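# Structure at a glance
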Protein chains: 2
Amino acid sequence: MSRVSDPSARPSRAEQRRNTEARILGQARRLFAESGYDRTTIRAVATAADVDPGLVMHYFRSKEELFARATEGGPPSLPGGTPEQIAEQLLDVLRGSLADEPVESLAVLRSMLTHPEAAHEAREASRIQRDQISEAIPDDQADLRAGLISAVLIGVVLGRHLIKLDPLADADPDQIVEILRPSIRSLTKADD
Amino acid sequence: MSRVSDPSARPSRAEQRRNTEARILGQARRLFAESGYDRTTIRAVATAADVDPGLVMHYFRSKEELFARATEGGPPSLPGGTPEQIAEQLLDVLRGSLADEPVESLAVLRSMLTHPEAAHEAREASRIQRDQISEAIPDDQADLRAGLISAVLIGVVLGRHLIKLDPLADADPDQIVEILRPSIRSLTKADD
DNA sequence: TGACTGATTCAACGACTGTAGAACGAGATG
DNA sequence: CATCTCGTTCTACAGTCGTTGAATCAGTCA
């Protein structure tokens, strides 16, 4: 018998723990993305994961740590290149974020305005992305331009998935990307 | 003796009530903008306004109504005109929102991701602005373009005042507006 | 088998919240 | 002056939350 998962066998102790932990993390992500940090109770996560609240506390030591574990993982790294290439890469990432709901990111985004720790994570993610972008922009305003790109993209994803602004929530991702292309390109260009 | 406020006299009953109510509303706005709906307690508002929590409940009948009263007032109405003029009007509004903190708006923005009622207000404000903008854009995608402008502007104000993204939080408003001008213009143009 | 470990549950505490209602006290009114 | 109004405070309730520690129950292993 192998020590790794065998669908036909009863899961081992360690396996079962990993399963339960993953189930809790998944539901936590979902609920954090849906309702934000404050309104997501440990009891609700436990219920959704079909588990006792005490168990959540036993695995993750606090609600804070549960949130940290549920939202770890930074922004996607951009290959880099010319300003035009960077713009296309950003638009590709955006297209992906519009097409399906990036639950992990949404959990951070949903909570960043009301939970200081989430705000810190958001700033950190934005800083990383900003550095990647500004590296490719030949301008003394590069950092500011890159920061503005972050803000713009956050606004669009926010408007679609979280605030659900009317035409934006249901529009075709490709169409949105096409409309935004000139804007993003103008922000990476620097000569205006 | 006049019935309206006389600085040298002890305020009348009605005056005193208006004063207290205004003081509560001001502190409520400030705290809602600072901490969002959930984390702003009626007790905290009362303490900040130097008043008993019960009084807040007596004037405004619930926390919900207090929030509604503290955040009433929609987006600024745009004069309208050509797409280029609309773009400039939007940039002017943005400049103002960047220069000083628009406490009322920030109260809504801060809470819109975690408080359904605030989300509704934000959608409503965005819808009004969207209609004003799309009216001036000659395109079948006008609504979507206008919605995207809303999202972009929300993202920028959010990034500056609430998330405090690094270069964005302290940058010169005029500089930000200059950088964003091509983007906003491209979004109002429709021919790309 | 029997001792042990660890996954899981149960019951409870203390803190905080929005809210309700009684009570007080000073200005308005006759 | 007497009565009433109303701004204001005090006290308390019921619910929810994060968190804790003991208890339970099933694998694991000597």
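Residues numbered from 1 in each chain as written. Chains lettered and ligands numbered in written order. Predicted model: local features only at pLDDT ≥ 70, side-chain atom pairs only at ≥ 80, totals over all residues. Heavy atoms only, no water.

## Some thoughts on unusual backbone geometry
Residues and elements named next belong to chain A. Unlike most non-glycine residues, Lys164 shows phi in positive territory, near 55 degrees. Tracing the backbone through its elements, the reader meets Lys164 in the loop between α8 (142-162) and α9 (166-170). Take Lys164: its relative accessible area is 42%, and that puts it in the partly exposed class. (Helix = DSSP H or I, 4+ residues; strand = E, 2+ residues; numbered from the N terminus. Buried < 20%, exposed > 50% of the residue type's maximum accessible area, 1.4 Å probe, protein only.)

## Some points on the nonpolar core
Generally speaking, a soluble globular protein has its nonpolar side chains buried in company with each other. Counting 120 residues, the largest nonpolar core has Met112(A), Leu158(A), Met112(B) and Leu158(B) as the members making the most contacts within it. Excluding residues within four positions of it along the chain, Leu158(B) makes contact with Met112(A), Leu113(A), Leu158(A), Leu109(B), Met112(B), Ile163(B) and Lys164(B). (Core = buried A, V, L, I, M, F, W, Y, C linked by side-chain atoms within 4.5 Å. Contact = heavy atoms within 4.5 Å.)

## Details of the protein's contact with DNA strand D
Surrounding DNA strand D, one finds 21 residues, the nearest of these being Arg43(A), Lys63(A), Arg13(B), Asp52(B) and Tyr59(B). When atoms of DNA strand D within 4 Å of the protein are split into backbone and base, the sugar-phosphate part holds 54%. Residue Thr20(B) places a side-chain N or O atom 3.2 Å away from a phosphate oxygen belonging to DNA strand D. Among the elements of the structure, α2 (42-48) of chain A together with α1 (13-39) and α3 (53-59) of chain B are those that each provide at least two residues to the surface near DNA strand D. Residue classes in the surface near DNA strand D are distributed as five nonpolar, eight polar and eight charged. (Near = heavy atom within 4 Å. Polar contact = N/O pair within 3.5 Å; in protein donor to acceptor, adjacent residues only side chain to side chain. Nonpolar A, V, L, I, M, F, W, Y, C, P; charged D, E, K, R; others polar.)

## Here we look at the interface of chain A and chain B
Each partner contributes residues to the interface: chain A has 46 residues there, and chain B has 46 residues. The contact between chain A and chain B buries some 3900 Å² in all, and 70% of this surface belongs to carbon and sulfur atoms. Contact with chain B buries area across many residues of chain A, yet Arg39(A), Leu113(A) and Ile179(A) alone supply 18% of it, more than any other trio. Between the two partners, chain A and chain B, sit four salt bridges. Salt-bridge contacts for Arg130(B) lead to Asp166(A); the nearest nitrogen and oxygen are separated by 3.1 Å. At the surface where chain A touches chain B, the tally comes to 14 residue pairs in polar contact (both at pLDDT 80 or more). Contributing elements (two or more residues each) for the side of chain A that touches chain B: α1 (13-39), α6 (103-111), α7 (116-134), α8, α9 and α10 (173-189) of chain A. Examining the composition of the side of chain A that touches chain B, we find that twelve residues originate from one element, α8(A), more than from any other. (Buried area = accessible area lost by both parts, 1.4 Å probe. Salt bridge = Lys/Arg side-chain N within 4 Å of Asp/Glu carboxyl O.)

## Quick word on the confidence of the model for chain A
The share of residues in chain A with pLDDT of 70 or more is 93%, and the mean pLDDT across the chain is 93. Note on residues 1-8 of chain A: pLDDT under 50 across the span, and four contacts to partners over four residues away in sequence or across chains. (pLDDT = per-residue confidence, 0-100.)

## Comments concerning α1(A)
Between its first and last C-alpha atoms α1(A) spans 33 Å; for 27 residues at 1.5 Å apiece the expected length is 39 Å, and the helix comes up short by more than 12%. Residues Glu15(A), Thr20(A), Glu21(A), Ile24(A), Leu25(A), Ala28(A), Leu31(A), Phe32(A), Ala33(A), Gly36(A) and Tyr37(A) constitute the buried set of α1(A). (Expected span 1.5 Å × (residues − 1).)

## Considerations on the environment of Arg29(A)
Residue and element names in this part refer to chain A. Along the chain, Arg29 falls in helix α1. Measuring from C-alpha to C-alpha, the distance between Arg29 and Ser105 comes to 9.3 Å, with 76 residues separating the pair along the chain. Setting aside chain neighbours within four positions, we find Arg29 in contact with Arg69, Ala70, Val103, Glu104 and Ala107.

## Describing the protein's contact with DNA strand C
In the vicinity of DNA strand C, 19 residues are found, and the nearest of them are Arg13(A), Asp52(A), Tyr59(A), Arg43(B) and Lys63(B). Each atom of DNA strand C within 4 Å of the protein was classed as base or backbone; sugar and phosphate made up 57%. Between DNA strand C and Asp52(A) there is a distance of 2.9 Å, counted from a phosphate oxygen to a backbone nitrogen or oxygen. The set of elements that each furnish at least two residues to the surface near DNA strand C consists of α1 and α3 (53-59) of chain A together with α2 (42-48) of chain B.

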